[in-house]
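Fold and geometry: a report
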Amino acid sequence: MVNDSQGGRKIPMEEAINSIGFGKAQMKLAAITGFFVAADAMEMMMLSFLGPAVKCEWNVDNAKLSLLTTVVFFGMLFGTYFWGILADRYGRWKALCYDCAFVFVFSIFSAVSPNYGTILFARAMVGFGLGGFGVSWTYFFEFIPTTDRGRWASIMMGWWSLGTVLEAALAWAIIPTLGWR
């Protein structure tokens, strides 16, 4: 509930957002949230480039290679609940900031992994963190007028596409010369 500045009454937050409409604040939030969506897509797309590189470097078999992808999604399964509860209890923005830091740390840990077991653990933790990126959608849509939410859901998916294309371009440019790390 927020105070109505003209009538002195309390009105629901959603009603206040609907009356204000879509403006600069929502555009900034769309950009911030979009970066979370693009980062999520990049981490997912990375799996297709990471697998062959790890297979070559550590000579892992196909079963171990598929496990490297599986642990990311397994981590996401648990991370979704954890980060959602954390966001509800301590605030969405705070949870997103911690989540972003968590993914960053374990992504770096993945890059410096000395062996298969370490990277398996690191990628599972990245997945756990990626499970929280859905909080960014909730955060964004809480500040969007109800009449604009459907359109913005479609627009925000463009960030996913941007992330996948960017990851593919980076992999194409970097892996042949500098390696997967």
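Structural data are supplied above this passage.
Residues numbered from 1 in each chain as written. Predicted model: local features only at pLDDT ≥ 70, side-chain atom pairs only at ≥ 80, totals over all residues. Heavy atoms only, no water.

1. Things to note about the overall build of the chain
To be explicit about the condition: Numbering goes from the N terminus for both helices and strands, where a helix is a DSSP run of H or I of at least four residues and a strand is a run of E of at least two. Using a 1.4 Å probe on the protein chains alone, a residue whose accessible area is under 20% of its type maximum counts as buried, one over 50% counts as exposed, and one in between counts as partly exposed. What makes two residues a contact is simply this: any of their non-hydrogen atoms within 4.5 Å. Reported accessibility uses the Shrake-Rupley method at a 1.4 Å probe radius. Residues are deemed covered only where the shown protein chains occlude them. Neither His nor the chain ends is counted toward charge; the positive residues are Lys and Arg and the negative residues Asp and Glu. A single reference atom marks each charge: NZ on Lys, CZ on Arg, CG on Asp, CD on Glu.
When helices and strands are tallied, the chain shows seven helices and two strands. Along the chain direction, N to C, the helices and strands of the chain fall in the order β-β-α-α-α-α-α-α-α. Considering only C-alpha atoms, the chain reaches an extent of 70 × 30 × 20 Å along its principal axes. Looking at the chain as a whole, 41% of its 181 residues are labelled buried. Contacts spanning at least 24 positions in sequence make up 74% of the contacts within the chain whose residues lie at least 6 apart. Carbon and sulfur atoms make up 69% of the accessible area of the chain, which totals about 10,300 Å². Treating the 13 positive side-chain charges of the chain as one cloud and the 12 negative ones as another, the clouds have centres 3 Å apart.

2. Observations regarding the packing of helix 4 (residues 92-111) against helix 5 (residues 116-130)
Test applied: Inter-axis angles, ranging from 0 to 180 degrees, are taken between N-to-C directions of lines fitted to C-alpha atoms, where helices are fitted over the stretch in contact. For classification purposes, angles smaller than 35 degrees are called roughly parallel, those larger than 145 roughly antiparallel, those between 65 and 115 roughly perpendicular, and all remaining angles oblique. Helix crossings get a hand from a simple test, with the near helix turned counterclockwise from the far one by less than a right angle marking a left-handed crossing and a clockwise turn marking a right-handed one. Residues are grouped as follows: nonpolar covers Ala, Val, Leu, Ile, Met, Phe, Trp, Tyr, Cys and Pro; charged covers Asp, Glu, Lys and Arg; every other residue, Gly included, is treated as polar.
As a packed pair, helix 4 and helix 5 sit with axes 8 Å apart at the nearest point and diverge in direction by 160°. As judged from the angle between their axes, helix 4 and helix 5 are roughly antiparallel. Between helix 4 and helix 5 lies a crossing of left-handed hand. For the pair helix 4 and helix 5, contact is made by D99, F102, V103, F106, S107, F109 and S110 and by T118, I119, F121, A122, R123, M125, V126, F128, G129 and L130, respectively. Its residues placed into classes, the contact of helix 4 with helix 5 shows 11 nonpolar, four polar and two charged.

3. Things to note about the layout of surface pockets
Filter applied, for reference: Both site types are read off a 1 Å grid over the protein atoms alone. A 1.4 Å probe that fits but cannot get out defines a cavity, while an open set with protein on both sides within 12 Å along at least five of seven lines defines a pocket; lining residues have an atom within 4 Å of a point. Grid points are joined across faces, edges and corners, and a volume is the space filled by probe spheres set on the points.
Taken as a whole, the largest pocket spans an internal volume of roughly 590 Å³. As for the largest pocket, its lining consists of 23 residues, and the residues nearest its centre are E43, M46, S107, R123 and E167. At the level of secondary structure, the elements contributing two or more residues to the lining of the largest pocket comprise helix 2 (24-58), helix 4 and helix 7 (149-178). In terms of residues, the lining of the largest pocket owes the most to one element, helix 4, which gives seven residues. Considering only residue class, the lining of the largest pocket consists of 16 nonpolar, three polar and four charged.

4. Some remarks on a nonpolar patch on the surface
Just so we agree on the cut-off: Patch membership requires over 30% relative accessible area and the absence of a salt bridge. Like charges are linked within 9 Å, and nonpolar side chains (Val, Leu, Ile, Met, Phe, Trp, Tyr) within 5 Å. Salt bridge, as used here, is a side-chain nitrogen of Lys or Arg placed within 4 Å of a carboxyl oxygen of Asp or Glu.
Taken together, the side chains of F104, V105, I108, F109, V112 and F121 define a hydrophobic patch exposed on the protein surface, amounting to about 580 Å² of accessible area. Considering every element that reaches the nonpolar patch, the biggest residue donor is helix 4, with four residues. When you line up the elements, I108 lands in helix 4.

5. Concerning the pattern of salt bridges
Oppositely charged side chains are able to pair whenever their charged atoms sit close together. Throughout the structure, instances matching the rule amount to five salt bridges. Across the salt bridge formed by D88 and R92, the nearest N and O atoms sit 2.8 Å from each other. For E142, the salt bridge identified is with R92, shortest N-O distance 2.7 Å. Remark: R92 occurs in helix 4 and E142 occurs in the loop between helix 6 (134-141) and helix 7; sequence separation between them is 50 residues. Overlapping salt bridges bring together D88, R92 and E142 as one network.

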